[in-house]
Amino acid sequence: QVPLIESGGGVVQNGGSLRLSCAASSRTYSDYYMGWFRQAPGKEREFVATVSDDTHYADSVKGRFTISKDYAKNTVHLQMNSLKPEDTAVYYCAARTYYTPRIPTTTTQYNYWGQGTQVTVSS
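Residues numbered from 1 in each chain as written. Predicted model: local features only at pLDDT ≥ 70, side-chain atom pairs only at ≥ 80, totals over all residues. Heavy atoms only, no water.

Novice: Just to check I follow, could you spell out the overall build of the protein for this structure?
Specialist: Helix and strand counts for the protein come out as zero helices and 11 strands. In sequence order, the secondary structure elements of the protein are arranged as β-β-β-β-β-β-β-β-β-β-β. If one aligns the C-alpha atoms of the protein with their principal axes, the spans along those axes are about 40 × 25 × 25 Å. Classification of the 123 residues of the protein by burial places 46% in the buried group. For the protein, restricting intrachain contacts to residue pairs at least 6 apart in sequence, the fraction spanning at least 24 positions comes to 60%. Element-wise, carbon and sulfur atoms account for 46% of the exposed surface of the protein, whose accessible area totals about 6400 Å². (Helix = DSSP H or I, 4+ residues; strand = E, 2+ residues; numbered from the N terminus. Buried < 20%, exposed > 50% of the residue type's maximum accessible area, 1.4 Å probe, protein only. Contact = heavy atoms within 4.5 Å. Areas by Shrake-Rupley, 256 points an atom, 1.4 Å probe, with all protein chains shown as cover.)

Below, the structure written as structure tokens:
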């Protein structure tokens, strides 16, 4: 099973923008929380943003990134503006398919993952 597929990664210059997309194979994976994490070489996978009824962002991307959900298409987007070299990482889409009483911001709180898409910010 490959329930989540990311797209939209690429190479962009410092200060540029990219828009990532995550397509869920069915509504099962998009009814609850969906989020974005990223992992740079040699580092732990870290939280970026999540969306359900609310949105929540890591402090490092707040004000620059925007997460949104297209309910009709079971798709989540991550609009990334004012990109910095330190944003370079593999970005992963994640989904949680069961109830949680609070906003999930750790990898263990999600049970499905996409394959990842590379984002490289040069200069």
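From this point on, the discussion continues.
Novice: What is the right way to read the environment of valine 76 from this model?
Specialist: With respect to the helices, strands and loops of the structure, valine 76 is situated in strand E8 (residues 75–80). Using a relative accessible area of 1% as the deciding quantity, one classes valine 76 as buried. When the C-alpha atoms of valine 76 and valine 12 are compared, they prove to be 21 Å apart, with 64 residues separating the residues in sequence. Aside from chain neighbours lying at most four places away, what touches valine 76 is Leu20, Ser21, Cys22, Met34, Trp36, Val51, Ile67, Ser68 and Lys69.

Novice: So what exactly am I meant to see when it comes to the state of the cysteines here?
Specialist: As enumerated under the stated definition, the model contains one disulfide in all. Linked covalently through their sulfurs, cysteine 22 and cysteine 93 form a disulfide whose S-S length is 2.0 Å. For the disulfide bridge between cysteine 22 and cysteine 93, the dihedral angle about the S-S bond is near -80°, and by the sign convention the bridge is left-handed. Separated by 71 residues along the polypeptide, cysteine 22 in strand E3 (residues 18–24) and cysteine 93 in strand E9 (residues 89–95) bring together distant segments of the chain. For the residue pair cysteine 22 and cysteine 93, the accessibility class agrees, reading buried in each case. (Disulfide = S-S within 2.5 Å.)

Novice: Any chance you could explain the packing of aromatic side chains here in plain terms?
Specialist: One pair of aromatic rings is described through two measures. These are the centre distance and the angle between the planes. Across all of its chains, the model carries five aromatic pairs by this definition. Plain terms: the ring middles of tyrosine 29 and tyrosine 112 are 4.8 Å apart, the flat faces sit at 75° to each other, and that makes the pair edge-to-face. Remark: tyrosine 112 occurs in strand E10 (residues 112–113) and tyrosine 29 occurs in the loop between E3 and strand E4 (34–39); sequence separation between them is 83 residues. Ring-pair connections join several aromatic residues into one group, and the members of that group are Phe37, Phe47, Tyr110 and Trp113. The positively charged end of arginine 45 is found above the aromatic ring belonging to tyrosine 92, 3.6 Å away from the centroid. (Phe/Tyr/Trp six-rings, centres within 6.5 Å; stacked < 30°, edge-to-face > 60°. Lys NZ or Arg CZ within 6 Å of the ring centre and 35° of its normal.)

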